[in-house]
Amino acid sequence: FSVLMPAYNRAHFIGEAIGSVLAQGFADFELIVVDDGSSDDTAAVAEAVGDARVRVVRQPRNVGRSRNRNRCVDEARGDYVVWVADDDRMAADALQAYAEVLAEQPELDVVYGRLELFEGVGEEGVGEEEVTVDVFEPNDWTGREGELLGAKLHGSCIPDGGSAIRRALYDEARYDPEFVRAQDYELWTRLVDRIRVRKLPRIVYHYRRHPASASFTRCVDQSYESKIIRRHLTRHSLEALFGDGASPERAW
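This structure is a prediction, so every number in the text was calculated from the model and none was measured. (Residues numbered from 1 in each chain as written. Predicted model: local features only at pLDDT ≥ 70, side-chain atom pairs only at ≥ 80, totals over all residues. Heavy atoms only, no water.)

**Student:** Explain the overall build of the protein to me, using residue names and the numbers behind them.
**Tutor:** Counting its regular elements, the protein contains eight helices and nine strands. Going through the 252 residues of the protein one by one, you find that 51% of them count as buried. Total accessible area computed for the protein in this model is approximately 11500 Å², and 48% of it derives from carbon and sulfur atoms. (Helix = DSSP H or I, 4+ residues; strand = E, 2+ residues; numbered from the N terminus. Buried < 20%, exposed > 50% of the residue type's maximum accessible area, 1.4 Å probe, protein only. Areas by Shrake-Rupley, 256 points an atom, 1.4 Å probe, with all protein chains shown as cover.)

Rendered as structure tokens:
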């Protein structure tokens, strides 16, 4: 596995994010941190970890989320990549669980699971104690991949954080720099009709909610989702999207 961590101005959280990866029981992985021109000590904190499994790349200037994610992919050497945000945590033994599934089903392109939302502890994380806020239960698309094409009209479908994704898929599609957010949603609309997936009945990832979190701000510009949906509608026939194989379920 190549665990990929795009980073930007997260000096307060990135040490914990890196620690959650290094604590994995499964040993065959690399962790690549690509710092996107941070103005704080994010890169220095990552470099100070001093673990041979961690490789830190510094972008000379801020290039934005999509380009920084593409740089992460360029640096990856594993057969599968796993995205971990610089303010989140990988669940204990998630890589071991993925390795066991992929050993049984090497044809799988994506393996994912449940995701916990938490908040705290202290300072920028707010609250002096860690609190579980919610658990996301993504739809189980195992054996139902034909329904994903229509379901993409309702949301991303495939969780980005913590999922194991075949590296070769990124040879077919990269993150579009036009999208300063919802990059994963846009990318999966171009890949979803050719992937094999499996959902695990366990928590694989912990999302941190805090005031500066990109995923949980109060006001979100939905114009990107609108543009993604319009493109998806022009890319596929109505029969393919709304026929017998289309799913009425939302992404979550």
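**Student:** Which residues make up helix α1 (residues 14-22), and what values do they have?
**Tutor:** Looking only at α1, the buried set comprises I14, A17, I18, S20, V21 and L22. Buried-residue contacts for α1 involve β1 (2-7), β2 (30-35), α2 (42-47), β3 (54-58) and β5 (89-90). (Contact = heavy atoms within 4.5 Å.)

**Student:** So what about the environment of A48? Which residues, and what values?
**Tutor:** Tracing the sequence through the fold places A48 in the loop between α2 and β3. Judged by its relative accessible area of 64%, A48 is exposed. Along the chain, A48 and G15 lie 33 residues apart, while their C-alpha atoms are 9.3 Å from each other.

**Student:** Report on the packing of aromatic side chains, specifying residues and quantitative values.
**Tutor:** The geometry of an aromatic ring pair is captured by two quantities: the separation of the ring centres and the angle between the planes. Applying the stated criterion across every chain yields a total of seven aromatic pairs. Between W83 and Y175 the ring centres are 5.8 Å apart and the planes differ by 85°, which places this aromatic pair in the edge-to-face class. Highlighted residues: W83 in strand β4 (residues 80-83) and Y175 in the loop between β8 (164-166) and α6 (183-189), separated in sequence by 92 residues. Of the two residues examined, W83 and Y175, each falls in the buried class. (Phe/Tyr/Trp six-rings, centres within 6.5 Å; stacked < 30°, edge-to-face > 60°.)

**Student:** I'd like a rundown of the pairing of β4, residues and numbers included.
**Tutor:** Of the two faces of β4, the one holding Y80 and V82 and the one holding V81 and W83 are both buried throughout. In this sheet, β4 lies alongside β1 in parallel orientation, the contact comprising three bridges. Across the sheet, L4 pairs through a bridge with W83, a residue of β4. Across three bridges, β4 lies against β8 in antiparallel orientation. In the sheet register, V81 faces β8, and the bridge partner there is I165. (Pairing = 2+ DSSP bridges.)

**Student:** So what about helix α3 (residues 65-75)? Which residues, and what values?
**Tutor:** Within α3, burial applies to S66, N68, R69, N70, C72, V73 and E75. Packing partners of the buried residues in α3 comprise β1, β2, β3, β4 and α6.

**Student:** Give a detailed account of the environment of P177, specifying residues and quantitative values.
**Tutor:** By secondary structure assignment, the location of P177 is in the loop between β8 and α6. For the pair formed by P177 and R67, sequence separation is 110 residues and the distance between their alpha carbons is 6.0 Å.

**Student:** If you had to explain the nonpolar core to someone new, which residues and values would you point to?
**Tutor:** When a protein is soluble and globular, its nonpolar side chains tend to lie buried together. Counting residues in each nonpolar core, the largest one holds 35 residues, and the members touching the most others are F1, V3, M5, I18, V33 and L95. Of all elements in the fold, only β1, α1, β2, β4, α4 (94-104), β6 (110-119) and β9 (197-209) reach the threshold of two or more residues within this core. Among the elements that line this core, the one with the most residues is α4, at seven residues. Core analysis: the next-biggest nonpolar cluster, separate from the first, contains 26 residues, L4, V81, L148 and L191 among them. (Core = buried A, V, L, I, M, F, W, Y, C linked by side-chain atoms within 4.5 Å.)

**Student:** An account of the pattern of salt bridges is requested, with residue identities and associated values reported.
**Tutor:** Under the criterion given, the structure shown has 21 salt bridges. Ionic pairing is found between E30 and R55, a salt bridge with its closest N-O pair at 3.2 Å. Of this pair, E30 sits in strand β2 while R55 sits in strand β3, and the two are 25 residues apart along the sequence. According to the relative accessible area criterion, E30 is buried, its value standing at 11%. E172 is the partner of R194 in a salt bridge, and the nearest nitrogen-oxygen pair spans 2.6 Å. Here R194 is found in the loop between α6 and β9, whereas its partner E172 is found in the loop between β8 and α6, with 22 residues between them in sequence. For R194, a relative accessible area of 41% corresponds to the partly exposed category. A cluster of three or more residues bridged by salt bridges with shared partners is formed by E30, R55, R71, E75 and R77. (Salt bridge = Lys/Arg side-chain N within 4 Å of Asp/Glu carboxyl O.)

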